[in-house]
Amino acid sequence: MNIKSNCPSIIVSILLFAVLGLGCQDNRSVLKEMEKQLEAGTPQAAAEGLETFIETAPEDPKARFLLGKAYNGLGRYNDAVEQLQKASQLYAAQPEERTAARLELARTYLRFGDRTSAFRVLRLVQRSTSDPETLHKIIDLVGDRYRTRQLTYGDSDNYSPTFSPDGTQIAFASFRTDNGEIYLMDLKGRIRQRVTYTTDFNDSSPLYLKTPNYLFYSSEPKSSRDVKVVVQSSGSTPIYAGFNLTHIHSKITRQVLPVTFGARAPRTSPAGNQVIYESNVDGNLELYLLNLDGVDLAQFMPEDIEHKRITFNETDDGSPTFFPDGKRIMFVSSRNEANQLYTVDIDGQNEAHFNPNSYDCYNPTVSPDGKTIAYVSARDGDWEIYLIDADGKNERRVTNDIGRSIQPAFSPDGRHLVFVSDRSDTFHIYLMSFDEPVTREDLAKRLQ
């Protein structure tokens, strides 16, 4: 076992000793091999090889830079800082490479919470460049990529936001009355209405349906004074939650599914007549489709509503969301160790792994035009929101602030993204405008 685990290091060492001293061309080949080790996710092997390389070439900036990245991959942040500082000094005559080293140095400071040192380094980069791509990289390190406005305030948690079909209001859940209730607010954060009044239950995940003035939402018994902001359910943990339907104005509420059904994370279809959700009623977390087409929402019995199981897997399948065509679903599954994004037709056919990588992904939602997916990932040590094109390419992070950013939802016109973050110590709702990218002037203010 030990021999097998050390093989990459042995191979790297043999390669190094075979080519050291044979000239710059061979040195570049060795460093390319080290880069491949880093890309392959083996930082230990890369670090050992680079340490050996630097013994004979201590003034090679690329080797120092790569060793800093390898140390970052191993969590050796103080060692990474030392190597990246040295690389920045050695790259004095190579501005592009020096910028790359400084950006990696700033990332390292941020990983262990030293924002003061990170901002000091980033100010040096910002003042020395006008390259838009470099400025975007700095923006991504120190805050949201687009201008963002906080909508809710106070000491109570606010969560589960969703837009109304006309895009003028946001329905959300709030713990401001010592339990979770559903409220409506406009896009400036002004509360327009309280919808639910259920002191013994926590209500969340509101949805607008095809029939006007009805909200569909999740409800679970209040077991403590704490609110549960769920990012990803686990089928192995008991879930006591069901679904209710409330008329916004009359406040008449009807039960759709009892709490014993263990149902969470509902999402409505684009037509507003179907709901996809997760449930562990059959032993582990699976996806189900609830059909409201033709159902009189003013008077129905729970048994009048048709339910259909979509997935049949040994691992958890949850957090579903519709594509705009209403025929496909994106969801999260842990079948490959990490929680990843998958797609499937609503009849359970044509299942596909959307984004194969080694990072956990949560809370997917699809833009109204079907071209973009927003989701949450914790790959850089903090939960942030990412966008990726529907073809699985052009992945980019759009939030990066103190705290966690979760539960994204697109506006009907696709111009805004509403999400939840605890960057102010309490979970609040924020509105991001894709029409307003952060400018160089905005960045300068942030770095101050």
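Provided above is the structure to which this section pertains.
Residues numbered from 1 in each chain as written. Predicted model: local features only at pLDDT ≥ 70, side-chain atom pairs only at ≥ 80, totals over all residues. Heavy atoms only, no water.

**Thoughts on the pattern of salt bridges**
Enumeration according to the criterion identifies 20 salt bridges in this entry. The salt bridge involving Asp-317 is made with Arg-335; its shortest N-O contact spans 2.6 Å. Taken together, the residues span a long stretch of sequence, with Asp-317 in strand β14 (residues 317-322) and Arg-335 in strand β15 (residues 328-336) at a distance of 18 residues. In this structure Arg-335 comes out as partly exposed when scored by relative accessible area, which is 23%. Here Arg-396 ties to Asp-389 by a salt bridge, and the two come within 2.9 Å at their closest N and O atoms. According to the relative accessible area criterion, Arg-396 is buried, its value standing at 19%. It is possible to trace a salt-bridge network through shared partners that takes in Glu-104, Arg-107 and Arg-111. (Salt bridge = Lys/Arg side-chain N within 4 Å of Asp/Glu carboxyl O. Helix = DSSP H or I, 4+ residues; strand = E, 2+ residues; numbered from the N terminus. Buried < 20%, exposed > 50% of the residue type's maximum accessible area, 1.4 Å probe, protein only.)

**Remarks on the layout of surface pockets**
Put simply, the largest pocket is a space of about 1,700 Å³. If you go around the largest pocket, you meet 47 residues; those closest to its centre are Glu-104, Arg-107, Arg-111, Leu-141 and Asp-380. When contributions to the lining of the largest pocket are tallied by element, the ones reaching two or more residues are α2 (24-39), α4 (61-73), α6 (95-111), α8 (132-142), β20 (384-389) and β21 (396-397). Considering each element in turn, the lining of the largest pocket owes the most residues, 11 residues, to α6. Per-class residue counts for the lining of the largest pocket are 14 nonpolar, 10 polar and 23 charged. (1 Å grid on protein atoms, 1.4 Å probe; cavity = no way out; pocket = protein on both sides within 12 Å on 5 of 7 lines; lining within 4 Å. Points joined across faces, edges and corners; volume = space filled by probe spheres on them. Nonpolar A, V, L, I, M, F, W, Y, C, P; charged D, E, K, R; others polar.)

**Some points on the sheet that holds strand β3 (residues 169-174)**
Spatial ordering of the open sheet is given by β2-β3-β4-β5, a layout of four strands whose pairing is antiparallel. With one partner strand each, in any of the chains shown, β2 (158-163) and β5 (191-194) form the two edges of the open sheet. Ignoring strand direction, the axes of neighbouring strands in this sheet form an average angle of 25°. As paired strands, β3 and strand β4 (residues 181-186) are joined by six bridges and run antiparallel to one another. Counterpart to Ala-171 in the pairing with β4 is Leu-184. (Pairing = 2+ DSSP bridges. Axes fitted to C-alpha atoms, helices over the stretch in contact; angles between N-to-C directions.)

**Quick look at the packing of aromatic side chains**
Within this structure, the stated rule accounts for 12 aromatic pairs. Here Tyr-109 and Phe-112 contribute two aromatic rings whose centre-to-centre distance is 6.2 Å and whose plane-to-plane angle is 70°, an arrangement assigned as edge-to-face. Overall, the relative accessible area of 6% leaves Tyr-109 in the buried class. Accessibility expressed as a relative area gives 34% for Phe-112, which makes it partly exposed. Here a set of aromatic residues connected by ring pairs shows up, and it is made of Phe-216, Phe-243, Tyr-277 and Tyr-288. The cationic tip of Arg-379 hangs over the ring face of Tyr-386; the distance from NZ or CZ to the ring centre is 4.5 Å. Over the ring of Tyr-430 we find Arg-423, and its NZ or CZ is 4.9 Å from the ring centre. (Phe/Tyr/Trp six-rings, centres within 6.5 Å; stacked < 30°, edge-to-face > 60°. Lys NZ or Arg CZ within 6 Å of the ring centre and 35° of its normal.)

**What to know about the side chain of Thr-129**
Position of Thr-129 among the secondary structure elements: in the loop between α7 (115-127) and α8. By relative accessible area, which is 14% here, Thr-129 ends up buried. Within the structure, the side chain of Thr-129 is placed 3.0 Å from the backbone nitrogen of Asp-131, a separation counted as a polar contact. Those residues in contact with Thr-129, other than ones at most four positions away along the chain, are Thr-134, Leu-135 and Arg-440. (Polar contact = N/O pair within 3.5 Å; in protein donor to acceptor, adjacent residues only side chain to side chain. Contact = heavy atoms within 4.5 Å.)

Any functional reading would require information beyond the geometric quantities listed.
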